[in-house]
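An overview of the molecular structure
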Amino acid sequence: MDSLPPELYDNIFVFLKGLDPIDLYKIRLVSKKFQRIIDNLKYNYTADFIKNNISLQNKINRLTFSSKSVNIFRWLFKNNIFLTDNNIINIVSNNRLDILKECIKYNEILNNLFNDKYSILIFNSQKLVQSESPLIIAGVKGYYDIVKFLIEIPLMKNPFHQQIDILIEDILYSKNSRSLIKYLCTYHYDKFIHKHFTTEKILKGLDDCEDLIFYLLKSNKICINNVFIITCIEKNYTKSCIYGYKKISDNLLIPGENIVRIFKTENIDLLDYFILK
């Protein structure tokens with residue numbers, strides 16, 4: 001093939017341009033001349049070529065875990081082969097942050113990735129968000145970098161900002177990533193919809209995290225009430241509990257509940273403080 005004149009390559013390629021994109025890309029391997037022709041190809045397909053092509057969508061899904069290189073995706077995007085919702089879910093599920101970073105260079109993919117259908121304020125569908133949202137999928141799988149990437153995209157209307165409360169609840173349920181919850185509470189608390197309600201869920205659902213709870217206390221990101229105190233007693237968060245006692249109004253405390261739970265946990269330091277108070 002390498003011995004053929006360039007004009008013959010051009011004539012042959014006229015009959016190949018209509019091939020399925022994945023099959024066309026494979027022809028790069030035939031010879032260096034084909035590789036050069038295909039690499040330089042742009043806008044070879046119409047933008048809606050992939051929409052009703054289930055076979056092509058499935059091939060791209062397989063590529064998200066079988067191909068370690070992002071080059072084929074760059075080539076597809078350059079030739080108007082953009083990603084469907086299902087492709088994006090597969091990219092996230094396979095932890096392909098490298099592909100996602102290429103996606104945001106194209107408005108056609110941005111519109112899919114940051115679709116209004118993920119806005120719970122508009123559709124109020126938590127079930128849809130939990131099953132199809134790239135952010136929730138990444139969070140439940142513990143893909144810290146993808147969660148960070150999706151939330152920090154500087155778009156005026158980023159639908160993922162509205163999902164942070166749901167994300168935290170799902171992470172707590174899956175017990176997958178304490179570092180993600182700490183990141184969200186530290187840097188994106190202002191985006192929580194149900195701020196104190198969500199941090200109370202973190203207190204109840206996450207074990208061995210007194211450092212995080214004490215941070216939430218000091219930064220006024222958690223409500224100090226009798227439920228907070230009782231939960232801290234049961235989890236043996238002595239430092240947080242004493243801090244809560246100092247800040248809570250007496251009319252919010254139920255002393256009888258407190259003393260019973262302190263005795264059950266046999267926390268002598270907390271018992272001493274409680275009696276003095």
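For the structure itself, consult the block above.
The text that follows walks through the structure, step by step, so that each part is easy to find. (Residues numbered from 1 in each chain as written. Predicted model: local features only at pLDDT ≥ 70, side-chain atom pairs only at ≥ 80, totals over all residues. Heavy atoms only, no water.)

Some thoughts on the nonpolar core
The biggest cluster of nonpolar side chains holds 87 residues, and the ones touching the most others in it are Leu 24, Ile 60, Phe 77, Phe 228 and Tyr 245. If you tally residues by element for this core, the top one is helix H13 (residues 164-174), at 6 residues. Each residue touching Ile 60, except ones within four places of it in the same chain, is listed here: Ile 22, Ile 50, Phe 73, Leu 76, Ile 81, Leu 83 and Asn 87. (Core = buried A, V, L, I, M, F, W, Y, C linked by side-chain atoms within 4.5 Å. Buried < 20%, exposed > 50% of the residue type's maximum accessible area, 1.4 Å probe, protein only. Helix = DSSP H or I, 4+ residues; strand = E, 2+ residues; numbered from the N terminus. Contact = heavy atoms within 4.5 Å.)

Section: the side chain of Asp 170
Tracing the chain through its elements places Asp 170 in helix H13. Although buried, Asp 170 forms no salt bridge, and the nearest oppositely charged side chain, Lys 201, lies 8.3 Å from it. With near-sequence residues (within four places) excluded, Asp 170 lies in contact with Gln 130, Ile 136 and Val 140. (Lys, Arg positive; Asp, Glu negative; His and termini not counted. Salt bridge = Lys/Arg side-chain N within 4 Å of Asp/Glu carboxyl O.)

As for the packing of aromatic side chains
Under the defined criterion, the tally for this structure stands at 13 aromatic pairs. Measuring from centroid to centroid gives 6.1 Å for Tyr 245 and Tyr 273, while their planes differ by 20 degrees, and the two rings are stacked. In this pair, Tyr 245 is assigned in helix H18 (residues 238-247) and Tyr 273 in helix H20 (residues 268-276), connecting sequence segments 28 residues apart. Tyr 273 sits in the partly exposed class, given a relative accessible area of 23%. Through pairs of rings, three or more aromatic residues link up here, namely Tyr 9, Phe 13 and Phe 34. The ring of Phe 214 has Lys 239 sitting right over it, with the charged end atom 4.2 Å from the ring centre. (Phe/Tyr/Trp six-rings, centres within 6.5 Å; stacked < 30°, edge-to-face > 60°. Lys NZ or Arg CZ within 6 Å of the ring centre and 35° of its normal.)

Structural notes on the state of the cysteines
Per the stated rule, a full pass over the model turns up 0 disulfides. For the unlinked cysteine Cys 185, the closest cysteine sulfur is that of Cys 209, found at 9.2 Å. Using a relative accessible area of 0% as the deciding quantity, one classes Cys 185 as buried. (Disulfide = S-S within 2.5 Å.)

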